[in-house]
Amino acid sequence: MPAVEDGDVPRPVGRGRADADGSVGRGRADADGSVGPGRADADGSVGHGRADADGSVGRGEVAPRGPARVDGETRGSGRHTSDPVSSDPVMSNSVSSGPVPSNSVSSDPVSSDPVLELLLDPERLSGLLRTPVRVTRVRPKPGVSHTAALLGADGRVLGWVQALVGPARAKAAKARDRAERYGHGALIGSLPLPQWDAELVWGGIATDPELGSPLRRSGLDLTSPDLVLLRYNPLRRLVVRVGGQVVRVTAEPHAQRMSAVARSLAERGLPVVAPCELGPQPHPGSVPPRVRVSRRVSAWPWVEGSDLTQADLGPVRAAGELAARVHATSPPVAVDLPERGWGDLLAAARRSVALLHAVAPQAAHAARLALAGLPEQEPAPDPLSHEGRTGAEDGRHVLLHGDLSLDQFLLGDDGVVRLTDLDRACWGPVELDLASVRAAQIVHEVRRSSETGGVGDSAVGHGHEQRDEHRHTRRHDHRYGHEQRDELRHTLRHDHRHGAAAWEAFVDGYGRAPLPGAWVSAALLARVAEPWRSQAAGWREQTEEVAQLALDLLAGTLLPGGSGGQHAQADPGGSAVVAGPLTSRPSWRVPRVVRARAEDESGDDDAVTVTVGRAWPAGARDGQARVAIEGDDGRGRLRAGTISPGGAVTLLPHGEDPRLPGLAAAARTGSLLVHRAGRRAVVHRADGYLKIVRPGRAAALVDASARGAAVARDAGLVAADVVSSTDETVLTRTLPGIPVQRLASDGSWSDLWAAWAAGWTRWQQLPPAGLAAHTPADEAQVLRTWAQRVGALDLLTGTPWPERLARVATQLDGSPDVTLVAAHRDLHDGQLLWDGRRVGVVDLDTVCRAEPALDLANLHVHAGLRQAQGLWPASAADLVREAVGEVAVAGSVPASRLALARRATVARLVAVYCLRPRWRDVVLAWAEEQWQSEARHG
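As the structure is a prediction and not an experimental result, all values here were calculated from the model. (Residues numbered from 1 in each chain as written. Predicted model: local features only at pLDDT ≥ 70, side-chain atom pairs only at ≥ 80, totals over all residues. Heavy atoms only, no water.)

1. Some words on the overall build of the protein
- Scanning the protein for helices and strands turns up 24 helices and 30 strands.
- Contacts in the protein between residues at least 24 apart in sequence constitute 71% of all its contacts with a sequence separation of at least 6.
- Carbon and sulfur atoms make up 50% of the accessible area of the protein, which totals about 35800 Å². (Helix = DSSP H or I, 4+ residues; strand = E, 2+ residues; numbered from the N terminus. Contact = heavy atoms within 4.5 Å. Areas by Shrake-Rupley, 256 points an atom, 1.4 Å probe, with all protein chains shown as cover.)

What follows is the structure, given as structure tokens:
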């Protein structure tokens, strides 16, 4: 083979060595083993410039926005390929977001993964690495790690990148240690992402965590001027050409099976690409490189020529004949081949659809419906396709290629059609190979038609002018909606029914084996996530089209006798979208999902759908109360805007805000974490966290942050330094440690809160001179302000909470004189970090003088909230409350003041969370329990 697996997306190339676009390139391999635009930088990255002290890559230009096309990739044993986006449907061990126990269509949860979003965003990733990069061959493992190939601005392969989450972060240290041990320490870089308990690590091919060892033992010189990179799938596979040989390096052993099957077929007179040590090489003038073969390293002859994805029908017919001969051949007795069948293909389809549903649910509708229609048992053979069967009609299993497609056949310059890439050979029904061929050809046509604006083979006779016109029209019709997709589908069906001329030639040579549509549908679903894995331009349209074709095939619309009917079924897991004005003001809620037309980053006047994560009161405009919203736009980008109870939605472009003029430039330098429209934003960069505020407000923020940091340090806690500032931005250094909110199951949880209790006891004993006062009356005004804002929005109408907010405010107004101590004023678990030894505190610009109960009650109540949200177990929340009690005892804080402060905190959190659709009902139910409990014990 190799088959396209786990995100391998080859691209078309010409004859001879391919161009320097990341395919079979003419460029020298860099010192890190990549074929990139420059040498590896001193930080071990594979970038365009020197590294800074933070371990990022040098200062290249930021990559264009949006998912980038992957240009130029060649697969296999030294031949040029066109580009079916296929995968190994049966033997794939790719990780989905979770098991799919049956074909049933599940609900449609949308769970955000900010680490994966960062990896998929070329602009944000380029900002952090400080050089233009993008990813392809993405393999996600939510909550654990995400792996991808790293490409430069010109499409060349630079190396690998991993985002490691939680305990998996330990792999970064192991990768660095391994690289250091073998002299490649300067070729690997890393960057912590503490806000997500994650770490970004990247390096050149020579530092690949799984391929580095067999590479070193092979003696392969990645810096050789004769070396050409053919294919690289990080942590899985590397294929290079050196002179007249193709060297394959894999993470798992492959050489024994692949070589034995190839030798066995060659000895029987079948034209296959056999190992170099067997017989004469098709490239007789070459000098064999000094490569040590092993279980994970093999060497094969380079075949001059091309594959059959766009070949004439004669060679395709010959390929069908060759496939039939392989299926009629007994497998080598010396090799224990695995057995594959319908169950394996069905399982691969389930994994692929589950992955697509997890990472791009809006593109998974048709795929999930098609999956639900697949039978549990192996489909019966088609009685209409009976001519010249090859022995599979009795259900017996035969020798299979395992990932057959037209690009696994090579048409050499000598006119011989050869079969290659037999590393997935297995036992199984012939339908497995034949469905693979058909599905791969369909996907190839879908992608080619998508890229050319719906012009496939049927347009060839009309010349270049018509194709150019179609490309021009598609390029300028950014909306490309249902009408255009229907036109594309019609064009594809008219286009020899998705390359059916080639398919007919293949099965004519093969002998008309039976092929029920369910087999092809399952094979298509096994590949349905590959466009997303590639992150190529147009992946969404390609995904939807492949999925719809899989659904159509179940009804026979692309097979002889099909009805051609249309499917229009509701998605059982679909989520509602706000599409029009909201009229029921008394019970209005901030919607979970909003949709509006907005000028997006590329200038498209297109509808944007945003899943609301957080929201705040935004004040009135033209007499209409508004809510500021923040959420994901389905492309991994944070979008901010406003919505009114009347349903009017305004969305800002990603990383832009007219009232925050400094945001546009700042957002291009890192990852946008927070954006409260018109108020503030936070960007995580390689050198720290950049806060963006309205012009003229940064100086006060710097002063307040400095005062707060001084208090924290005097208490023995860790605080961030202000690195630099402008009139509208403040850059603070990144603190070591992990957000406390994520550590409830960590073994150091008790140590953490013991350290916090000791530190906060010292904090409250510090002299608060120079800090502004925040009295109980001031806190009462905070509650009244919240009551007014949510009241104007009718968010708590019909509940007791407006009256409760007013009542607690009155009680605070009647407070006796209290001693004011140093206070954070917004203390909760999200403001604390833990590095295993010391506690860090962030957002210190609110530090003031306040009664000691304020901070303690806020943290106490938030512990109960985290338990109600399901984020902490009861035992973890109890430990926090115990630590709060210790500090209260040490500071002689009256129980009555703590009780009042807790009531005030609960009431304020109701006002805060009634704006946030995900948690509104949970928080209101929890708050009611807390209120009643306080009343019973008060």
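Continuing now.
2. As for the pairing of strand 20 (residues 671-676)
- By the criterion of burial, strand 20 is predominantly enclosed, with five of the six residues buried.
- Relative to strand 21 (residues 680-685), strand 20 runs antiparallel, the two sharing five bridges. Across the sheet, the residue bridging to V674 is V682, located in strand 21.
- Linkage of strand 20 to strand 21, two consecutive antiparallel strands, is achieved through a turn of three residues, within which G678 is found at a positive phi near 75°. (Buried < 20%, exposed > 50% of the residue type's maximum accessible area, 1.4 Å probe, protein only. Pairing = 2+ DSSP bridges.)

3. Regarding the sheet that holds strand 8 (residues 245-250)
- Spatially, four strands are ordered 6-7-8-9 in an open sheet, and the strand pairing comes out antiparallel. This sheet does not close on itself; its edge strands, each paired only once, are strand 6 (227-233) and strand 9 (297-301). Averaged over all pairs of adjacent strands, the angle between their axes in this sheet comes to 20°, without regard to strand direction.
- As paired strands, strand 6 and strand 7 (residues 237-242) are joined by six bridges and run antiparallel to one another. The residue bridging L227 from the neighbouring strand is V242, located in strand 7.
- On top of the sheet, helix 5 (residues 255-267) reaches strand 8 and strand 9; it is set at about 30° to strand 9, its chief contact. (Axes fitted to C-alpha atoms, helices over the stretch in contact; angles between N-to-C directions.)

4. Considerations on the packing of helix 7 (residues 342-359) against helix 13 (residues 517-526)
- One can describe the packing of helix 7 onto helix 13 by two numbers: an axis separation of 7 Å at closest approach and a directional angle of 40°. Viewed along their axes, helix 7 and helix 13 adopt a mutual orientation that is oblique. Between helix 7 and helix 13 the crossing geometry is left-handed. Contacts between helix 7 and helix 13 involve W342, L345, A348, A349, S352 and V353 from the former and A518, W519, A522, A523, L525 and A526 from the latter.
- The class makeup of the residues in the contact of helix 7 with helix 13 is 11 nonpolar, one polar and no charged. (Parallel < 35°, antiparallel > 145°, perpendicular 65-115°, else oblique. Left-handed = near helix turned anticlockwise from the far one by under 90°. Nonpolar A, V, L, I, M, F, W, Y, C, P; charged D, E, K, R; others polar.)

5. A look at the pattern of salt bridges
- By the definition in use, this model includes 34 salt bridges.
- Of the charged contacts, one joins R241 and E304 as a salt bridge, the two residues approaching to 3.7 Å between their closest N and O atoms. Here the residue R241 occupies a position in strand 7, and E304 occupies one in the loop between strand 9 and strand 10 (305-307), the gap between them amounting to 63 residues.
- The class for R241 is buried, based on a relative accessible area of 8%.
- Under the relative-accessibility criterion, E304 is labelled partly exposed at 27%. (Salt bridge = Lys/Arg side-chain N within 4 Å of Asp/Glu carboxyl O.)

6. Observations regarding the side chain of D113
- Inspection of the secondary structure assignment puts D113 in the segment before helix 1 (114-120).
- A polar atom in the side chain of D113 sits 3.2 Å from the backbone nitrogen of L116.
- In terms of polar contacts, D113 uses its side chain to reach the side chain of H146, at 3.0 Å. (Polar contact = N/O pair within 3.5 Å; in protein donor to acceptor, adjacent residues only side chain to side chain.)

7. Re the packing of aromatic side chains
- The tally for this structure, following the rule as stated, stands at nine aromatic pairs.
- Ring geometry for W342 and W519: centres 5.1 Å apart, planes at 75°, overall edge-to-face. Taken together, the residues span a long stretch of sequence, with W342 in helix 7 and W519 in helix 13 at a distance of 177 residues.
- For W342, a relative accessible area of 3% corresponds to the buried category.
- Geometrically, the ring pair formed by W503 and F506 is stacked, given 6.2 Å between the ring centres and 15° between the ring planes. (Phe/Tyr/Trp six-rings, centres within 6.5 Å; stacked < 30°, edge-to-face > 60°.)

8. Description of the confidence of the model for the protein
- Of all residues in the protein, 75% have pLDDT values of 70 or greater, and the mean over the chain is 78.
- Across residues 557-586 the pLDDT falls below 50, and counting only partners more than four positions away or on other chains, this stretch makes 61 contacts in the model.
- In this model, residues 599-604 is a region of pLDDT below 50 whose contacts with residues beyond four sequence positions or in other chains number 14 contacts. (pLDDT = per-residue confidence, 0-100.)

9. So, the nonpolar core
- The biggest cluster of nonpolar side chains holds 104 residues, and the ones touching the most others in it are V135, L200, L374, F409, F506, L524 and L525.
- If you tally residues by element for this core, the top one is helix 9 (residues 430-451), at nine residues.
- If you count residues domain by domain, this core takes at least three from each of domain 1 (112-209) and domain 2 (306-378 + 397-453 + 490-556).
- Ignoring sequence-local partners within four residues, the contact set of V135 consists of L119, L120, L125, A148, A149, L150, V161, S534 and Q535.
- Core analysis: the second largest hydrophobic core is formed by 45 residues, A596, V612, L812 and L909 among them. (Core = buried A, V, L, I, M, F, W, Y, C linked by side-chain atoms within 4.5 Å. Domains from an automatic or database assignment.)

10. What to know about helix 18 (residues 749-765)
- Compared with an ideal rise of 1.5 Å per residue, which puts 17 residues at 24 Å, helix 18 spans 25 Å between its outermost C-alpha atoms and is within 8% of the ideal.
- Taken together, the buried positions of helix 18 are occupied by W749, L752, W753, W756, A757, G759, W760, T761, W763 and Q764.
- Buried-residue contacts for helix 18 involve helix 17 (698-714), strand 27 (821-823), strand 28 (832-834), strand 29 (839-841), helix 21 (853-868) and helix 22 (874-890). (Expected span 1.5 Å × (residues − 1).)

11. Describing the packing of helix 18 against helix 21
- Contact geometry for helix 18 and helix 21: axes closest at 12 Å, N-to-C directions at 160°. Judged by the inter-axis angle, helix 18 sits roughly antiparallel to helix 21. The chirality of how helix 18 crosses helix 21 is right-handed. Contacts from W753, W756, W760, W763 and Q764 in helix 18 reach D855, L856 and L859 in helix 21.
- When its residues are assigned to classes, the contact of helix 18 with helix 21 shows six nonpolar, one polar and one charged.

12. Observations regarding helix 19 (residues 776-792)
- End to end, helix 19 covers 25 Å across 17 residues, agreeing with the expected 24 Å (1.5 Å per residue, within 8%).
- Phi for D794, located one or two positions after helix 19, is positive at around 60°.

13. Describing unusual backbone geometry
- In this structure, R137 is a non-glycine residue whose phi angle is positive, near 50°.
- Along the chain, the position of R137 falls in strand 1 (residues 133-141).
- Non-glycine residue D421 carries a positive phi angle of around 60°.
- Note on placement: D421 falls in the loop between strand 13 (417-419) and strand 14 (426-428).
- With relative accessibility at 1%, the residue D421 sits in the buried group.

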